Amino acid sequence: MIQTNDDLTVGEMLFRAGISRRGFIQYCTAVASAMALPPWMGTAMAEQLRTSPRPSVVYLSFQECTGCLESLTRSFAPTIEDLIFNTISLDYNDTLMAASGEAAESARAKAMKDNFGKYVLVVDGSVPTGAGGAYCAAGGRSAEDTLREAAKGAAAIVCVGTCAAFGGIPLANPNPTSAWPVSAIVGDKPIINVSGCPPMPEVITGTLLQFFTTGQVPDLDEHRRPKVFFGNTIHDRCYRRPFYDQGKFAKTFDDEGARNGWCLYELGCKGPTTYNACATIKWNGGTSFPIESGHGCIGCSEPGFWDKGSFYSALSTPAWSKAGEVAPRQVLELAAGAAAVGVVLGAASAGVSRLRQRGSERPSDNEPKGS
Amino acid sequence: MSRLTEIPIRIEGMPLGIEPPAPAATFGLGGGVAAILMELVTLLERLAQSQTPSAIDLRSLPMSPQDRIELERALGEGEVQATVHAEGVSTIRETRISGVWWVEHRNRHGELITELLEVTRVPEILARAPDEIALGANALREQLTAAAANLREARSNDPN
């Protein structure tokens, strides 16, 4: 995994791995299309990257479940993104690398020294600060120490997953390890948040490729997420949206509405307040996404998604509690705005269905958490 | 310059003799197809004047099956059809309109991943880059050296 041919260009390394320039153009054109970049950017991106020196990536895993890395490396193998990320760029990742112990730590130190100021630091997982950092330590050093040191020489930090971006599940109430997102600890470096639990593999690699190609941080939204992927809500781009507009809602997961593929809003779909690319890029190589499989969006790419009440309560249900960076009032306003159209059409039935839903929920789902 | 008529005017992107904006019905085409064709005119003019290639991403446009049929009919078939077997199969079809190429890229599973109308002299994926050409020269040189060595070896082993 660890390459020593630092003087080779990406094109030369791809060629040695059996990927021709044409194959790379095919790949980059598809990435540009997925990112809604101007179509000629695909070829430009391929030519630029091909002649660039090998990019360096240092990947740190903290308080996480490895789901993000699984999303990235196990999506559909073997792909060019896997090759560029894993074989060509990755200088340190404690899960994927063959080396361990002192050898692994010295590989990280060497990569950080050799590429000081140039490497991309990818962080996966939140940073626990409780108990002096003892909840997450490697090689006798706390996650916070390791992060601070690695951030010093980074050109940019890409936070992969909702835990690194917003604290995610570790930060959820009652946050027993005093976990924080990367942005709460590192203040002097460009941070790009690629949120999701896990994030889409195309979004992770697209963000990295764009940075490798341009050397620039892309346009970000207010949560520092790349706008090309997080510019629209799931609801905006959902193929079930026409049913929402017509007031046709599934009331339970096995009623006629569900069978007809109607809108899952009343079953708790968080699509209207969730920004991500699931509805357009889709998962598993473009096969499907949760709503297409019959389940509402759980809002996993948004700050505080775990503490926003039941995944099965409709957004307009005032069951919101402490919600990380999103103030409950703001969420309710968003939900009210989104609901306005649909509720006019189906107000009475919605009320009845919510009563029915509550009856079937576990009591804890309706309890405010830690408010 | 004293008179309005002396100011030179060049109309871009519109077929001559048609007042902009032309209603789609003028062409007997769906609105979406007419819009794509008008954009192609602009892109072709840019290519002709400044050699700037460009492309339209067909997958980013909402098109009905009927729109597709109309678009294919309007662009027609050109002289060149090429297939590239790299990471997946790409098909490159020249259209009847010089400079407009219909390019499809598929992945290893045969799924369509990109569909473009490229406005260019030759699509970039068909041309070879200078560094590849240098690699080709090296490969051929090595092949000749190896062939010469084989020949020498064969001669030295031949008792006659």
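These numbers were taken from a predicted model, which means no experiment stands behind them.

**Q** Summarise the domain arrangement of chain A; cite the residues concerned and give the values.
**A** Residues and elements named next belong to chain A. With domains assigned, chain A is organised as domain 1 (55-230) and domain 2 (241-366). Listed by partner, the interface residues are 20 residues for domain 1 and 18 residues for domain 2. Breaking the side of domain 1 that touches domain 2 down by element, the ones donating at least two residues are helix H8 (162-166), helix H9 (168-171), helix H10 (201-214) and helix H11 (227-230). Along the lines of polarity and charge, the residues of the side of domain 1 that touches domain 2 split into ten nonpolar, seven polar and three charged.

**Q** Please give an account of the sheet that holds strand S1 (residues 54-57) of chain B that cites residues and values.
**A** Residues and elements named next belong to chain B. Overall, antiparallel pairing links the five strands, which are arranged S1-S5-S4-S3-S2 in an open sheet. Edge strands, defined here as strands with exactly one partner in the open sheet, are S1 and strand S2 (81-85). The sheet shows a mean angle of 20° between the axes of neighbouring strands, taken without regard to direction.

**Q** Could you give an account of helix H2 (residues 65-75) of chain B, with specific residues and numbers?
**A** Residues and elements named next belong to chain B. Within the sequence span of H2, burial applies to Glu-70, Leu-71 and Leu-75. In a view along the axis of H2, the buried residues occupy a sector of 120°, so they form one face of it. Exposed residues pointing more than 90 degrees away from the buried face of H2 are listed as Pro-65, Gln-66 and Arg-73. Directly beyond the C-terminal end of H2, a positive phi value near 70° is found at Gly-76.

**Q** Describe the nonpolar core, with residues and values.
**A** Residues and elements named next belong to chain A. Judged by nonpolar contacts, the single largest core of 112 residues is most densely connected at Val-58, Leu-121, Val-123 and Cys-159. Take this core: its biggest share by element is eight residues, from helix H2 (residues 21-34). The residues that make up this core include at least three from each of domain 1 (55-230) and domain 2 (241-366). When neighbours within four sequence positions are excluded, Cys-159 is seen to be in contact with Val-123, Ala-164, Ala-165, Val-182, Ile-191, Asn-193 and Val-194.

Rules and cut-offs
Residues numbered from 1 in each chain as written. Chains lettered and ligands numbered in written order. Predicted model: local features only at pLDDT ≥ 70, side-chain atom pairs only at ≥ 80, totals over all residues. Domains from an automatic or database assignment. Contact = placed C-beta atoms within 7 Å. Helix = DSSP H or I, 4+ residues; strand = E, 2+ residues; numbered from the N terminus. Nonpolar A, V, L, I, M, F, W, Y, C, P; charged D, E, K, R; others polar. Pairing = 2+ DSSP bridges. Axes fitted to C-alpha atoms, helices over the stretch in contact; angles between N-to-C directions. Buried ≥ 20, exposed ≤ 12 C-beta atoms within 10 Å, placed from the backbone. Arc of directions from axis to C-beta. Core = buried A, V, L, I, M, F, W, Y, C linked by C-beta atoms within 7 Å.

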